[in-house]
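# Structural overview
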Amino acid sequence: NEAVEYKAKPISEGMSAFTRECIVESDEEEDSSDEEEEDNTNMDSATETKIIKRKEKLTRAQRNKQKRVKAEQTLLKERRQRKQFLHQANEVHLHNKVVKRAEKEHRERQL
């Protein structure tokens, strides 16, 4: 029974008197400087710090899976780039044909 009560009891009884005093004093200081902060709202939003989340530790299997997925994605990306490049190379003759036709029409107009 004592173990259950001990487990149900909170770890601490709340803030210490010193901490409460510090918070009360800082609140009073903030109240007086609120007028100054209203003028600088744009500057405050730019200087806010971001909360940095700690990444969870990954297991070896999870790390290996991430590496495998990343490797597959890079291979796929390289394959797409190679295919796109070859497709452009295959269309060169079509572009040359269009350019020659345009030049021929231009010469005929000049005559």
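Residues numbered from 1 in each chain as written. Predicted model: local features only at pLDDT ≥ 70, side-chain atom pairs only at ≥ 80, totals over all residues. Heavy atoms only, no water.

## Examining the overall build of the protein chain
Helix and strand content of the protein chain: five helices and zero strands. Listed N to C, the secondary structure of the protein chain is α-α-α-α-α in terms of helices and strands. Across the 111 residues in the protein chain, those meeting the buried criterion constitute 1%. (Helix = DSSP H or I, 4+ residues; strand = E, 2+ residues; numbered from the N terminus. Buried < 20%, exposed > 50% of the residue type's maximum accessible area, 1.4 Å probe, protein only.)

## Notes on the confidence of the model for the protein chain
Overall, the prediction assigns the protein chain a mean pLDDT of 79, with 77% of residues at 70 or greater. When mean pLDDT is taken per element in the protein chain, helix α4 (residues 60–90) scores highest with 93 and helix α3 (residues 41–46) scores lowest with 52. (pLDDT = per-residue confidence, 0-100.)

## Concerning a positive patch on the surface
Taken together, the side chains of Arg54, Lys57, Arg60, Arg63 and Lys67 present a region of like positive charge at the surface. Relative to the assigned elements, Arg54 resides in the loop between α3 and α4. By relative accessible area, which is 82% here, Arg54 ends up exposed. (Patch = residues over 30% accessible without salt bridge, like charges linked within 9 Å, V, L, I, M, F, W, Y side chains within 5 Å. Areas by Shrake-Rupley, 256 points an atom, 1.4 Å probe, with all protein chains shown as cover. Salt bridge = Lys/Arg side-chain N within 4 Å of Asp/Glu carboxyl O. Lys, Arg positive; Asp, Glu negative; His and termini not counted. Charge placed at Lys NZ, Arg CZ, Asp CG, Glu CD.)

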